[in-house]
Amino acid sequence: LMEESGPGCTASANAFNKTLHLIPKLDERAVAQILGLVSGCGGGNSVRAESPEALALLLGPAVSLDTKVGGGSNSSNNKQGGGSGAWNQQVVLEGLKDSSAIPSGQKDSAKDFWAKVVRHFDYPGFFVPSEEAFARLVKMCREVSKEAFPLEAVCGKRWGNARGQLSFLKHVLCTPGKVLDSMFNLKSLVDVPAVLLEEDVSGKEGEAHRAQERKGGLCWLSTPICGALYELADSSDEARQAVWQILAHPKEE
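Here we summarise the structure given alongside this text. These numbers come from a predicted model, not from an experiment.

1. Regarding the overall build of the chain
- The number of helices and strands found in the chain is 15 helices and two strands.
- Across the chain, the fraction of contacts at a sequence separation of at least 24, relative to all contacts at a separation of at least 6, is 76%.

Structure follows, in structure tokens:
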């Protein structure tokens, strides 16, 4: 419905709320698709996972994201792409944070509701085309849920939309470790022996500190994330090629 209406439906809070009330079932999946659409990661004029352009982007070089996501808002953050034809991100965030946007059966467990939303990006068309869209999506999810984006939602199992899942992980693993710390809570995913995460007795920097200087940071010390990559590599020849390119990042630094 929002894709058909276009960015005009987010021109004001009133216009957006009217649109929300026209959606037959505003459940976790519907909200996930709204966030994907507005962030530029699925639907609208963004690159769709099944398109040839998505394949070209997936197999193309990754660009490092050097700007932090947690900073203050500005016009480029609030309006995706800028200009009068852009989605008004702030209107969407405020509308979704309103309790009326949550189904009545979920109002007593808003935290659980938003935790489920980020696990519903596995839908046809979802694809992360750029580092800007990646940062925008993660920031929107964090602002609307008041929680760090649960990265385990993207690496717990292979998605039906494997290309979309791989596009997200690609941008995670080409982002500097220090930036990732401001985007995700990685403690639950880093499962290497604790001794590797400390400075050794000689005062040398530990593996965790060295990892923070690399693209992907502590994600390379996570069995779930690396396991998801290897599983995705088995999904198709194109995915295997993309995964090999991602795995080359640490060797290049």
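2. Brief notes about the side chain of S222
- Secondary-structure assignment places S222 in the loop between α12 (207-212) and α13 (223-233).
- Judged by its relative accessible area of 2%, S222 falls in the buried class.
- Residue contacts for S222: discarding those within four places in its chain leaves L189, V190 and D191.

3. Quick notes on unusual backbone geometry
- You will see that K146, though not glycine, has its phi angle at about 65°, which is positive.
- Tracing the sequence through the fold places K146 in the loop between α8 (131-145) and α9 (152-155).

4. A look at the nonpolar core
- If you look at the biggest cluster of nonpolar residues, it comprises 68 residues, and the most contacted ones within it are L96, F121, F168 and F184.
- Ignoring any residue separated from it by four or fewer positions in sequence, one finds F184 in contact with F134, V138, A148, F149, L151, F168 and V172.

5. Section: the packing of α13 against helix α14 (residues 237-247)
- Relative orientation of the contacting elements α13 and α14 amounts to 145°, with a least axis distance of 8 Å. Side by side, α13 and α14 meet where L229, Y230, L232 and A233 of the first sit next to A239, R240, V243, I246 and L247 of the second.
- Looking at the contact of α13 with α14 residue by residue, the classes come out as eight nonpolar, no polar and one charged.

Calculation notes
Residues numbered from 1 in each chain as written. Predicted model: local features only at pLDDT ≥ 70, side-chain atom pairs only at ≥ 80, totals over all residues. Heavy atoms only, no water. Helix = DSSP H or I, 4+ residues; strand = E, 2+ residues; numbered from the N terminus. Contact = heavy atoms within 4.5 Å. Buried < 20%, exposed > 50% of the residue type's maximum accessible area, 1.4 Å probe, protein only. Core = buried A, V, L, I, M, F, W, Y, C linked by side-chain atoms within 4.5 Å. Axes fitted to C-alpha atoms, helices over the stretch in contact; angles between N-to-C directions. Nonpolar A, V, L, I, M, F, W, Y, C, P; charged D, E, K, R; others polar.

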